[in-house]
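Listed here are the chains, written in short residue letters.
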Amino acid sequence: DAGITQSPRHKVTETGTPVTLRCHQTENHRYMYWYRQDPGHGLRLIHYSYGVKDTDKGEVSDGYSVSRSKTEDFLLTLESATSSQTSVYFCAISGDQETQYFGPGTRLLVL
Amino acid sequence: SQQGEEDPQALSIQEGENATMNCSYKTSINNLQWYRQNSGRGLVHLILIRSNEREKHSGRLRVTLDTSKKSSSLLITASRAADTASYFCATENSGGSNYKLTFGKGTLLTVNP
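Basis of the calculations
Residues numbered from 1 in each chain as written. Chains lettered and ligands numbered in written order. Predicted model: local features only at pLDDT ≥ 70, side-chain atom pairs only at ≥ 80, totals over all residues. Heavy atoms only, no water. Contact = heavy atoms within 4.5 Å. Buried area = accessible area lost by both parts, 1.4 Å probe. Salt bridge = Lys/Arg side-chain N within 4 Å of Asp/Glu carboxyl O. Polar contact = N/O pair within 3.5 Å; in protein donor to acceptor, adjacent residues only side chain to side chain. Helix = DSSP H or I, 4+ residues; strand = E, 2+ residues; numbered from the N terminus. Disulfide = S-S within 2.5 Å. Buried < 20%, exposed > 50% of the residue type's maximum accessible area, 1.4 Å probe, protein only.

To continue, consider the interface of chain B and chain A. If you look at the interface, chain B gives 23 residues, while chain A gives 22 residues. Together, Leu 43, Tyr 99 and Phe 103 of chain B form the three largest contributors to the area buried by chain B at its contact with chain A, with a combined 31%. Where chain B meets chain A, there are one salt bridge. Residues Glu 98 of chain A and Arg 50 of chain B are paired through a salt bridge, measuring 2.5 Å at the closest nitrogen-oxygen approach. At the surface where chain B touches chain A, the tally comes to five residue pairs in polar contact (both at pLDDT 80 or more). When residues of the side of chain B that touches chain A are traced back to their parent elements, those giving at least two are β4 (29-37), β5 (43-50) and β9 (85-93) of chain B.

In structure tokens, the structure reads:
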């Protein structure tokens, strides 16, 4: 998986609790992305980063925040998890602004 | 909103047959990419075709792009059971941020032994 790890790989949490997902890369790529994948919706972009401390919103950013304090780590935070945020979350990286390389995914269940 | 839309949503074929999947999109693009996703795994990049290209090959994969019709097709020749996966098209739209991709909902390909 091109030097990308995601943690945790599985998580069960309760509505209203904060959750942080971590994406770690060893490729020194500039661009990092967080997607969610849901049946019937495909892959949708939540937030992305184009450099350290440089982030921007994707199409489904409400309820999510991100931080990137160093090149290798991109954190996705659900401030107060809701059942609608139950999903599979994928991190991706890109070094050439074109091809993206995906992590293994995190399955999140919000009860 | 989704940019690419794959067709069909699901495709079942026998091993050795060819599989063709189509993708339509709405706005002008810089490039179009195809990705594969095996069940429970992350997406894997297969091939990229730029807006000024019409056809591209990679091994058993053949991709075509028709910018006048805003459509692309992915052909997998001599399919194998290991090709069973979901296939997604993704577009990098021209204008605006040029480092984001917009993914379609995917085609689920089943290759029966």
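Having put the structure on the table, let's press on.
Scanning the model with the defined rule gives two disulfides over all chains in all. The disulfide that involves Cys 23 of chain A links it to Cys 91 of chain A, with 1.9 Å between the sulfurs. On the sign convention where negative is left-handed, the bridge of Cys 23 of chain A and Cys 91 of chain A, at about -70 degrees about the S-S bond, is left-handed. One end of the pair, Cys 23 of chain A, is in strand β3 (residues 19-25); the other, Cys 91 of chain A, is in strand β9 (residues 87-94), with 68 residues separating them in the sequence. Classification of Cys 23 of chain A by relative accessible area gives buried; the value is 0%. We classify Cys 91 of chain A as buried; its relative accessible area is 0%. A sulfur-sulfur distance of 2.0 Å marks the disulfide that ties Cys 23 of chain B to Cys 89 of chain B. Its S-S torsion of approximately 65 degrees makes the covalent link between Cys 23 of chain B and Cys 89 of chain B right-handed.

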